[in-house]
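# Chain and residue survey
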Amino acid sequence: MRYVLSAIIMALTCLTLSTAQAAGSDERESLVGLPGVLVVIEEINPEAQTDGLSVEAIQTAVELILRSSGIPVLTPSEREMMPSRPCLYVQVNALNRGPTYAVSLEVRLTQQVSLVHRPGWRMIAATWNGDSVIIVGKAQLRMIISDNIGPLVKAFANDFLAVNPR
């Protein structure tokens with residue numbers, strides 16, 4: 001099993017799989033009227049933190065992209081006062097395999113929605129999503145913030161601004 005996993009990682013080393021593209025019209029339309037977003041970064045595994053990737057650096061980069069695009073970054077208390085409770089969630093899963101990391105990235109917007117057949121019932125759902133899978137060397141792990149997370153957040157910002165002109 002270990003050899004199979006190593007072979008897969010080696011094959012993926014030559015590839016960068018990415019879906020950082022414009023969202024479909026339904027995803028884009030789900031952003032209409034949002035006042036801004038709360039940014040939440042999932043915890044990073046300790047090994048990736050040791051190799052230079054941090055929640056704080058990702059948080060700063062994401063918020064900078066949003067603010068420079070004119071998208072308000074909400075505080076947790078501001079988010080709770082919004083009926084849609086919008087949250088831009090960034091998830092980084094980094095699996096170390098010797099000199100490289102296999103990294104799965106996801107940026108998704110969640111908000112409170114109601115079901116068509118039960119309009120009074122509300123739940124949190126992802127309404128916009130961008131993701132990417134990459135292989136990167138340990139020494140370049142920190143670069144995924146600008147090279148991979150940044151483009152996903154910029155794709156979100158472009159879609160947000162397309163339906164919420166400033």
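Procedures and definitions
- Residues numbered from 1 in each chain as written.
- Predicted model: local features only at pLDDT ≥ 70, side-chain atom pairs only at ≥ 80, totals over all residues.
- Heavy atoms only, no water.
- Phe/Tyr/Trp six-rings, centres within 6.5 Å; stacked < 30°, edge-to-face > 60°.
- Helix = DSSP H or I, 4+ residues; strand = E, 2+ residues; numbered from the N terminus.
- Buried < 20%, exposed > 50% of the residue type's maximum accessible area, 1.4 Å probe, protein only.
- Expected span 1.5 Å × (residues − 1).
- Contact = heavy atoms within 4.5 Å.

To describe a pair of aromatic rings, one takes the distance between the centres and the angle between the planes. Tallying each qualifying case throughout the model produces 2 aromatic pairs. With centroids separated by 5.3 Å and ring planes inclined at 80°, the aromatic side chains of Trp-128 and Phe-156 adopt a geometry described as edge-to-face. Highlighted residues: Trp-128 in strand E5 (residues 118–137) and Phe-156 in helix H6 (residues 144–163), separated in sequence by 28 residues. A single burial state applies to Trp-128 and to Phe-156, both of which are buried. The interplanar angle of 50° and the centroid separation of 5.9 Å between the aromatic rings of Phe-156 and Phe-160 together place this pair among those described as tilted.

Another aspect to go through is helix H4 (residues 55–68). The terminal C-alpha atoms of H4, which comprises 14 residues, lie 20 Å apart, in line with the 20 Å expected from a rise of 1.5 Å per residue. Among all positions of H4, only Val-55, Ala-57, Ile-58, Val-62, Glu-63, Ile-65 and Leu-66 are buried. The secondary structure elements touched by the buried residues of H4 are strand E2 (38–41), strand E3 (87–97) and H6.

None of the figures reported here should be taken as evidence of function without further support.
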